[in-house]
Amino acid sequence: MNKPTEKKIEENQEKKEKTAEKPNNQGVSQKAKIEKSSEKKFKNSGQSRKPSGNRNQEKEGSEFIEQVISINRITKVTKGGKKLSFSALVVVGDTKGRVGYSLSKAREVAIAIRKAMGVAKKNMIEVSLKGTTITHEIIGQCSGSRVLLKPASEGTGVIASGPVRAVCDGAGIHNILTKCHRSNNPINVVKATIDGLSRLKPAKV
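Residues numbered from 1 in each chain as written. Predicted model: local features only at pLDDT ≥ 70, side-chain atom pairs only at ≥ 80, totals over all residues. Heavy atoms only, no water.

What about the nonpolar core?
Nonpolar side chains in soluble globular proteins tend to be buried together. By size, the foremost hydrophobic cluster in this structure holds 23 residues, and its most contacted members are V99, I134, L149, V167, I173, I176 and L197. At the level of secondary structure, the elements contributing two or more residues to this core comprise β2 (81–93), β7 (138–142), β8 (145–151), α4 (162–171) and α5 (186–198). Here this core gets six residues from one element, more than from any other, and that element is α5. Beyond its immediate chain neighbours, meaning those up to four positions away, V99 contacts V91, V92, G93, N123, M124, I125, V127, V167, G170, A171 and I194. In terms of nonpolar packing, the next biggest core, distinct from the first, is built from nine residues, V92, A106, I113 and M117 among them. (Core = buried A, V, L, I, M, F, W, Y, C linked by side-chain atoms within 4.5 Å. Buried < 20%, exposed > 50% of the residue type's maximum accessible area, 1.4 Å probe, protein only. Helix = DSSP H or I, 4+ residues; strand = E, 2+ residues; numbered from the N terminus. Contact = heavy atoms within 4.5 Å.)

Written out as structure tokens, the structure reads:
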């Protein structure tokens, strides 16, 4: 009497194992069919795969020169305590006569830099160039800062301090003489430089 009961138990176990294996095999076979159909469609179309939109955006973004000039920590004292934030001064240019700057604030440094770069790209100005230098001498001013911008001959290079050099590199100026007077605050120096470049007159033909 024990033998038939053992056979029944073994048969039931085999049936359970087969039923458990069936859905897995079906799932694998369905995946294989889907992959084969997608491969056939791709081959029949005869078109190469195009890069995604994110890669195109990266290529477009790489055309700009982005320079972080200064990062300052800001502490705001409130009734509930101190609130920390950061400000980032960024200069962006395409080296083809267009340059912009922005001063943005955020709770984190990376967010402040990203925010400033986005704003700077939207607020770019066009600079009148004569070859690799500016068209004429001019003095830019903002608050207590004065920046003298003077055209230079080929091979002179960019004779400028950090903030002024960043603006000149972004605008595509390779030969220029500059001098900062009075205040050396980076924010005012950048604003004064942009002010001077924006008031340049185009070269006479």
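And the narrative resumes.
Examining the sheet that holds strand β10 (residues 176–182)
Reading across the sheet, the four strands line up as β7-β8-β10-β9 and stay open at both edges, with mixed pairing between neighbours. Looking along the sheet, the strands with just one partner apiece sit at the ends: β7 and β9 (158–159). Bridge count between β7 and β8: five bridges; the pairing is antiparallel. Its bridge partner lying in β8, G140 is registered against V147. (Pairing = 2+ DSSP bridges.)

Notes on the pattern of salt bridges
Applying the stated criterion across every chain, the model contains three salt bridges. For K121, the salt bridge identified is with E66, shortest N-O distance 3.0 Å. Highlighted residues: K121 in helix α3 (residues 109–122) and E66 in strand β1 (residues 65–78), separated in sequence by 55 residues. Since its relative accessible area comes to 30%, K121 is described here as partly exposed. Here R199 ties to D195 by a salt bridge, and the two come within 3.2 Å at their closest N and O atoms. Note on D195: relative accessible area 23%, which makes it partly exposed. (Salt bridge = Lys/Arg side-chain N within 4 Å of Asp/Glu carboxyl O.)

Topic: the side chain of D94
As for its position among the elements, D94 is in the loop between β2 and β3 (98–106). Assessed through its relative accessible area of 14%, D94 is described here as buried. A distance of 3.1 Å separates a polar side-chain atom of D94 from the backbone nitrogen of R98. With near-sequence residues (within four places) excluded, D94 lies in contact with E63, F64, M124 and G170. (Polar contact = N/O pair within 3.5 Å; in protein donor to acceptor, adjacent residues only side chain to side chain.)

Things to note about unusual backbone geometry
Backbone geometry places S143, a non-glycine residue, at a positive phi of 55°. Checked against the element boundaries, S143 lands in the loop between β7 and β8. Classification of S143 as exposed rests on a relative accessible area of 60%. For R182, which is not a glycine, the phi torsion comes out positive at approximately 60°. Its location among the elements puts R182 in strand β10.

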